[in-house]
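Given next are the chains, with one letter for each unit.
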Amino acid sequence: MTQPERLRGVSLFLALLFLLVVGRLFYLQIWKHQDYQSLSRQQLWQEDTQPAKRGNITDRNGILLAATVAAKTAYIDCSEIPDPQAAAAQLAAALNLQPGAVYEKIKNQRYTILLKRRLSEQEENKLKALRLRGLYFTDDQRRVYLRGNLAAHVLGFVNVDNQGASGLEYLLDRYLQGIPGKLLFEKDVRGQELYLSNRVVVEPRDGDNIQLTIDEFLQYIARKYLAAALQETRADSGSVIIMDTNNGQILALVSLPDYDPSQYFKYPANNLRNNATGYNYEPGSVFKTITVAAALELGLATPNTVFINGNVFEHAKRQIRESHLLKDPDRPRYLKDILIESLNITSAKLALAIGKNRMQDFMRRFRLHQRVGILPGEEAGLLAPLDKVDAHSEAVYGFGQAFSVTPLQMLAAVNALANDGVYVQPSLVQKIYDNKGRLLKDFTLRPEKQRIISPQTARALRLMLQETVQKGTADRAGIPGYSIGGKTGTSQKARPHGGGYYANDYISSFCGLVPGLKPRLTILVVIDNPRNRQHQGGYVAAPVFREIAREAVRYLAIPEDM
């Protein structure tokens, strides 16, 4: 090879080497610039999430029901613990845990592990008093429910990540949870923040605050008298709902047994069930109000229509009987007597005259076929397809059998009678404010309303309901000075999956209007399986209504009207 050829070869090699170096630099500095910059940030910078403070929930008067407070989370650096067994005993005593479980958690570990999140103030003080080497704390937040069990099924609870998991905490989580912030700072090789390091901070946006329609005092008295009734009758469960007749706002919603939302995990599943909205039952005689309203609205009867009730009615090869034998079964009776005496047979005859098609149409008018939609976990009621409704079911529709509703659905239906025939959509939330106190949403401005029966029909029903309290099965619901109206209900508990009825299990209920002439409140009491000798709604549920209503008229300064 000649010298010029060698020079050309060396030059070509150097040129290729130069191009390779330039290409590599282009690849590293231009093409992969973002990747390596990101890697550099990861090595030099630490990003921490700054939690937002969950919004408050208050009653209609601003009384705090649920709030978020500062708390600590405890960690253990197991590598720093000289005696794991002794440390486990101390930690377990402070946190009311099993020493063996704590020891298994920390023994033979070389890393930092979570001990317990969101310590209570008492737990935090006990742990700090140990002065235990390897025990560390970080800032956290804890949800607190300031009235304990009160309104537990309305409020719900949050999970371990402080996210809504039940009730309004779940339904309104997008408002309550807020937006977390970010903290970016330089760190050393051990991951610790460098002194005087530059910080980039995005402040968290705290959650919105919710103002409910619930009145803390009315919620308290409703729970108080329901709890006393359940204890006295040895019943399984119960519910009470108080509604503002005109605007549909729920002033109290009680379900018992209940639970403490801050310790929901300690309670059986039965306590977590909302009996007021998540429980279907056959409404029994309370539904006779709807049967009579349908007969009036369709022109099938008037207040002066005369009936011969009897004690036994043969229909579809089955017998329909009165719950109590009438001493004068052949005495002529009027339409109002269906409610005053709670007559099954005439109710059944009216239901047959109305027919299952039109009866279901009225059930749908009163929205007994769909969820009310104010809380998660609501049941929708059970209304069989028309082709599945046999002749017997068509008759017993008249006194509230062969279909089921929730207490909230039944209350809203009767409330339409109290409200001159206008159905008002129930509500639990009044207003939502942002964390600066600015109004975001106002649900009180235009409550959803729909006329479903005439004012004349509704007013006729209210007069009948007043007589039912004055001289009928609901006489234990009366309050001196007030024109109380209402209807009792006593229904046998249906076996699951269409298995007939339990012989000695009943659901006792009462739905009443306060006052009866121009109602301000509609109140429903439902008691599941009272075990006293008297299980009728007039004996079991009506007195609970009376005590709650007596307190409510004083508290709300509702004037006497009689």
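Just above sits the structure.
Because the structure is predicted, anything quoted here is derived from the model rather than measured.

Analysis parameters
- Residues numbered from 1 in each chain as written.
- Predicted model: local features only at pLDDT ≥ 70, side-chain atom pairs only at ≥ 80, totals over all residues.
- Heavy atoms only, no water.
- Salt bridge = Lys/Arg side-chain N within 4 Å of Asp/Glu carboxyl O.
- Helix = DSSP H or I, 4+ residues; strand = E, 2+ residues; numbered from the N terminus.
- Buried < 20%, exposed > 50% of the residue type's maximum accessible area, 1.4 Å probe, protein only.
- Core = buried A, V, L, I, M, F, W, Y, C linked by side-chain atoms within 4.5 Å.
- Contact = heavy atoms within 4.5 Å.
- Pairing = 2+ DSSP bridges.
- 1 Å grid on protein atoms, 1.4 Å probe; cavity = no way out; pocket = protein on both sides within 12 Å on 5 of 7 lines; lining within 4 Å.
- Points joined across faces, edges and corners; volume = space filled by probe spheres on them.
- Axes fitted to C-alpha atoms, helices over the stretch in contact; angles between N-to-C directions.
- Phe/Tyr/Trp six-rings, centres within 6.5 Å; stacked < 30°, edge-to-face > 60°.

A. Fine view of the pattern of salt bridges. Here the structure, examined in full by the defined rule, presents 27 salt bridges. Note that Glu547 is salt-bridged to Arg550, the shortest N-O span being 3.4 Å. On the criterion of helical spacing, the pair formed by Glu547 and Arg550 is a turn pair, its members being three residues apart in helix α19 (residues 542-555).

B. Representation of the side chain of Glu169. Its place among the elements puts Glu169 in helix α7 (residues 167-171). Residue classification places Glu169 among the buried positions, given a relative accessible area of 0%.

C. Spotlight on the nonpolar core. Counting 79 residues, the largest nonpolar core has Ile210, Leu212, Ile250, Leu335, Phe366 and Met410 as the members making the most contacts within it. Considering each element in turn, this core owes the most residues, nine residues, to helix α16 (residues 407-418). In this structure, Met410 is in contact with Tyr281, Pro283, Val286, Phe287, Ile290, Leu368, Val405 and Leu524, ignoring residues within four places of it in sequence. Grouped together as the second largest cluster of nonpolar side chains are 36 residues, Leu218, Ile242, Leu251 and Ile527 included.

D. Looking closely at the pairing of strand β8 (residues 209-212). Pairing of strand β2 (residues 57-58) with β8, which is carried by two bridges, proceeds in the parallel orientation. Each bridged residue has a counterpart across the sheet, and for Ile57 the counterpart in β8 is Ile210. Judged from the four bridges that link them, β8 and strand β16 (residues 429-433) form a sheet pairing that is antiparallel. Looking at the pairing, Gln211 lines up with Lys431 of β16.

E. Here's a closer look at empty space enclosed by the protein. Under the defined criterion, the tally for this structure stands at one cavity of 30 Å³ or more. Size it by volume and the largest cavity reaches roughly 50 Å³. Forming the walls of the largest cavity are Asn149, Ala151, Ala152, His153, Gln219, Arg223, Leu253, Val254, Ser255 and Asp258. Those elements that place two or more of their residues in the lining of the largest cavity are α6 (152-155), α9 (216-233) and β10 (250-256). Considering each element in turn, the lining of the largest cavity owes the most residues, three residues, to β10.

F. Structural context of the sheet that holds strand β21 (residues 521-528). Spatially, the five strands line up as an open sheet ordered β10-β9-β21-β20-β19, and their pairing is antiparallel. Both outer strands of the open sheet, β10 and β19 (485-494), are each paired with one neighbouring strand and no more. Averaged over all adjacent pairs, the angle separating strand axes in this sheet is 10°, with direction ignored. Alignment of strand β9 (residues 237-244) against β21, held across eight bridges, turns out to be antiparallel. Each bridged residue has a counterpart across the sheet, and for Gly238 the counterpart in β21 is Ile527. Sitting on the sheet, helix α17 (residues 455-471) touches β19 and β20 (501-514), and the angle it makes with β19 is about 75°.

G. Here's a closer look at the packing of aromatic side chains. Under the defined criterion, the tally for this structure stands at eight aromatic pairs. Taken together, a centroid distance of 6.3 Å and an interplanar angle of 65° make the contact between Tyr259 and Tyr267 edge-to-face. Relative accessible area serves as the criterion here: at 1%, Tyr259 is assigned to the buried category. Under the relative-accessibility criterion, Tyr267 is labelled partly exposed at 28%.

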